[in-house]
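# Examination of the molecular architecture
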Amino acid sequence: NPGKAKYHPVKDACWTAGQPVPYLALARTLEAVEATSARLKMVDILSNYFRSVIALTPQDLLPSIYLCLNQLGPAYLGLELGVAETYLMKAVGGCTGRSLAQVRAAAQRLGELGAAAQQARAAQRMLCAPAPLQVRKLHAALKDLAAITGQASVNKKISKIQALFVACRHSEAKYLIRSLEGKLRVGLAEQSLLQALALAAARTPPAGPHASCLDRADTMSPDDFKAVVEEHALVIKTTYCECPNYELVVPALLQHGALELPRHCRLTPGIPLKPMLAHPARGVHEIFSRFENEKFTCEWKYDGERAQIHVPGEEAPRLADARIFSRNQEDNTTKYPDVLARLPALLKPTVTSCVLDCEAVAYDPVNKQILPFQVLSTRKRKDASAAEVRVQVCVFVFDLLLLNARALCREPLAERRRLLREHFVESPGTWEFARAQDCSGAEEVQHFLELSVRGSCEGLMVKALHGERAHYDIARRSRNWLKLKKDYLEGGGDSIDAVVIGAYRGRGRRAGRFGGFLLACYDPAGERYQTLCKIGTGFSDRDLDAFTEQLQRHVIDAPRNYYSYETSQAPDVWVEATCVWEVRCADLSLSPAHRAALGLIDRDKGVSLRFPRFVRVREDKRAEEATSAEQIARMYLAQDSVRNNHTAHNMDD
Ligand code: ATP
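Heads up: these notes are all about the structure in this document.

## Thoughts on helix H19 (residues 413–423)
- All of the buried residues in H19 are Leu-413, Arg-416, Arg-417, Leu-419, Leu-420 and His-423. Angularly, the buried residues of H19 cover 160° about the axis, an arc narrow enough to put them on a single face.

## As for the site of the ligand
- Taken together, 17 residues form the shell around the ligand, and within it Arg-327, Glu-359, Arg-477, Lys-483 and Arg-618 come nearest.
- Within the side chain of Lys-301, one N or O atom sits 3.0 Å away from an oxygen atom of the ligand.
- Within the contact set of the ligand, an oxygen atom lies 2.2 Å away from a side-chain nitrogen or oxygen of Lys-483.
- If the ligand stood free it would expose 610 Å²; the protein chains cover 94% of that surface.
- For the shell around the ligand, the secondary structure elements donating two or more residues are strand E2 (296–301), strand E11 (459–464) and strand E12 (477–485).
- Of the residues in the shell around the ligand, the class split is five nonpolar, no polar and 12 charged.

## Things to note about the sheet that holds strand E1 (residues 277–280)
- An order of E1-E12-E11-E2-E10 is seen for the five strands of this open sheet, with the pairing classed as mixed. What marks the edges here is a single partner per strand, and that holds for E1 and strand E10 (436–437).
- Alignment of E1 against E12, held across four bridges, turns out to be parallel. Following the sheet pairing, Pro-280 is matched in E12 by Lys-483.
- Strands in contact with H19 are E2, E10 and E11; relative to E2, the strand with the most contacts, it is inclined by about 55°.

## Brief notes about the packing of helix H5 (residues 85–96) against helix H10 (residues 172–181)
- Packing of H5 against H10 brings their axes to within 10 Å, and their N-to-C directions diverge by 150°. The orientation of H5 with respect to H10, classified from their angle, is roughly antiparallel. Like other packed secondary-structure pairs, H5 and H10 cross with a definite hand, here right-handed. Contact residues: H5 offers Glu-85, Leu-88 and Val-92, while H10 offers Ile-177, Leu-180 and Glu-181.
- Residue composition of the contact of H5 with H10, grouped by class: four nonpolar, no polar and two charged.

## Brief notes about the pairing of strand E19 (residues 580–584)
- Most of E19 sits inside the fold, with five of its five residues counted as buried.
- What you see with E19 is no split at all: Val-580, Glu-582 and Arg-584 on one side and Trp-581 and Val-583 on the other are buried throughout.
- With four bridges joining them, strand E13 (residues 496–505) and E19 adopt antiparallel strand pairing. Paired with Ile-496 across the bridge in E19 is Val-583.
- Two elements, E19 and strand E22 (residues 613–617), share four bridges in a ladder whose sense is antiparallel. Residue pairing across strands places Val-583 opposite Phe-614, the latter belonging to E22.

## Focus on the side chain of Arg-417
- Among the structural elements, Arg-417 can be located in helix H19.
- A distance of 3.0 Å separates a polar atom in the side chain of Arg-417 from a polar atom in the side chain of Thr-297.
- For Arg-417, the contacting residues outside a window of four places in its chain are Thr-297, Glu-299, Ala-436, Asp-438 and Leu-465.

## Considering the packing of aromatic side chains
- Applying the stated criterion across every chain, the model contains 26 aromatic pairs.
- With a centroid separation of 5.9 Å and an interplanar angle of 85°, the aromatic rings of Tyr-472 and Trp-481 are classed as edge-to-face.
- Classification of Tyr-472 as buried rests on a relative accessible area of 3%.
- Ring geometry for Tyr-563 and Trp-574: centres 6.0 Å apart, planes at 40°, overall tilted. Residue Tyr-563 is located in strand E17 (residues 563–564), and its partner Trp-574 is located in strand E18 (residues 573–575); the two are separated by 11 residues in the primary sequence. Residue Tyr-563 shares its accessibility class with Trp-574, and that shared class is buried.
- Taken together, the ring pairs in this structure connect Phe-514, Phe-517, Phe-539, Phe-547, Trp-581 and Phe-614 into an aromatic cluster.
- Geometry around Trp-481 places Lys-463 over its ring, the cationic atom sitting 4.0 Å from the centre.
- In this arrangement the basic side chain of Arg-616 is found over the ring face of Phe-373, its NZ or CZ atom lying 3.7 Å from the centre.

## Focus: the pattern of salt bridges
- Evaluation of the coordinates by the stated rule reveals 48 salt bridges.
- Put simply, Arg-263 and Glu-260 hold a salt bridge, and the shortest N to O gap is 2.8 Å.
- Taking the relative accessible area as the measure of exposure, Glu-260 reaches 31% and is therefore partly exposed.
- For Lys-463, the salt bridge is made with Glu-299, and the minimal N-O distance between the two is 2.7 Å. One end of the pair, Lys-463, is in strand E11; the other, Glu-299, is in strand E2, with 164 residues separating them in the sequence. Comparing Lys-463 with Glu-299, the two get one shared label, buried.
- One network of salt bridges, in which partners are shared, links Glu-34, Glu-112, Lys-174, Arg-178 and Arg-185.

## Overview of unusual backbone geometry
- Of note in the backbone geometry, Ala-405 takes a positive phi value of approximately 70° without being a glycine.
- Here Ala-405 shows up in the loop between strand E7 (393–403) and strand E8 (406–407).
- The backbone of Ala-475 sits at a positive phi, close to 65°, despite the residue not being glycine.
- Mapping Ala-475 onto the fold places it in the loop between E11 and E12.
- Take Ala-475: its relative accessible area is 36%, and that puts it in the partly exposed class.

Basis of the calculations
Residues numbered from 1 in each chain as written. Predicted model: local features only at pLDDT ≥ 70, side-chain atom pairs only at ≥ 80, totals over all residues. Heavy atoms only, no water. Buried < 20%, exposed > 50% of the residue type's maximum accessible area, 1.4 Å probe, protein only. Helix = DSSP H or I, 4+ residues; strand = E, 2+ residues; numbered from the N terminus. Arc of directions from axis to C-beta. Near = heavy atom within 4 Å. Polar contact = N/O pair within 3.5 Å; in protein donor to acceptor, adjacent residues only side chain to side chain. Areas by Shrake-Rupley, 256 points an atom, 1.4 Å probe, with all protein chains shown as cover. Nonpolar A, V, L, I, M, F, W, Y, C, P; charged D, E, K, R; others polar. Pairing = 2+ DSSP bridges. Contact = heavy atoms within 4.5 Å. Axes fitted to C-alpha atoms, helices over the stretch in contact; angles between N-to-C directions. Parallel < 35°, antiparallel > 145°, perpendicular 65-115°, else oblique. Left-handed = near helix turned anticlockwise from the far one by under 90°. Phe/Tyr/Trp six-rings, centres within 6.5 Å; stacked < 30°, edge-to-face > 60°. Lys NZ or Arg CZ within 6 Å of the ring centre and 35° of its normal. Salt bridge = Lys/Arg side-chain N within 4 Å of Asp/Glu carboxyl O.

Structure, rendered in structure tokens:
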């Protein structure tokens, strides 16, 4: 067990200064990370690897980070490997003289293909060993692999995978296969990786006045060193939030040192940010207890699709390079040619570049009316020509994050809003500022909420207006934004975005297609999908036809080892966790039959949804962005019937 033994990434992998980092050094590190569940220990192990890279082969820091995160490039480019499990099994079988059935059986016995691949590779004798894998070459090879498309791509991919596989030593085979599967499953969240990078840069600074220090921790008191690490972590995490592109952050870190990052990597039009998100408020009273003695503002909560609009420019805006990103940083530019064509009307001549946070909403220009989300979802998703646009949209702008190359995230909302109104122009029915009111009393909030519902909105967004609390918290679900939806007032809680992991064959009227589905939430800490409920209500016949066809394409032989479920609930077919559905329920209850939030509320029971019903498909969410186990636990605890009766395990507030 490398986590416990005296494992050394450098000596173990025969890696010397200036040489490309052997993949073995990283694989050993991942093994050690996987062997521990303590976050601090994980960070420590990974930071030691990063320190070695910084000291010996700094140019391999970027591919190392990508391999640790299993990313081929910046997350917002959405580059995916997407090698189907069967092809991986064929590749492993082909190299090791095993049949597909044998590889499949071994994977089932060992719980995963990665472990089976490692075992099969270890049993293989090679007369002439191929050159050892290197981190940089492997990352490049994975990128090449992802770029192979078209006819005969499968065979080309398999032979490329085999060339990599035969060069694997020890646990390299396991991590290679897991990378190709798209899930590394060592329990390493991106925040831990950033913390490890901060610790490494604090101990072995790559640049700056302490650059020659091999271990800066030796030169200071533990308290002083702790403060230095915290400062590094804050700077690195904030920089990465504003500029989520390692291809810019890592070279700047190496060249200028961590503390100089904010001068070199800033919020940049063209690089999408993870948006600020809101917490649900269960009633007007909750808003007042949250914003006691503080000014807040209410905005209508439009029901459309989030649109982050980026306009780059220097002396003048480069409108041709404008981009529109979705809630999860997907490039939606080609979905909205009509919106782009109307951009000039929005920008006053004082604007040279900007980043706007908006909601694109389906709109009926004749009756001057907002239309339901369902209408928006009928628009073509990619490569729409202006002539093809049938559903009109009105874009409601609610925030300004950058103006004329100046990031505004650390300005209070009151100031961002002032600049928005000063430098941009509304055009009724096409560009409008989110309707807002700075309310002071409960009645005012209630009245504005009713107005928003009459205006076809979902309710209100309530936001801090002044001071630090009114900053734009990139990538955070913040209590400085509360969402007050009309549904909460009608007795229901927030809706839940759940992942489909299985399906049950329909009977009677539903025979011949799927009639029910097994839904799960996501637990990022354990990287697992935990079952929440079976669902069979809320679907039209057309929905069932469409979902049957769609899910058939994602059927897998057996449940993934990261699915957490009770065998009594096993579906007729298991599917890959890809589809996210918004669902509502009567309430949440503890259940021995489901595993959602297991251990957070009760040691043996999970949380399950009672009387769930389907609302809509969430195309803008990836499976990992589904409602988390922790959110489910909080929703359970927030119910009137439960409050005060429970203390949650493992949850701070
Ligand atoms: P999650 O469920 O993860 O919180 P979500 O995407 O389901 O996120 P909601 O929580 O329902 O969304 O509400 C937040 C969303 O509301 C934003 O992501 C944005 O798309 C939309 N929205 C509409 N009007 C506004 C507004 N005035 N201010 C902020 N967001 C708004």
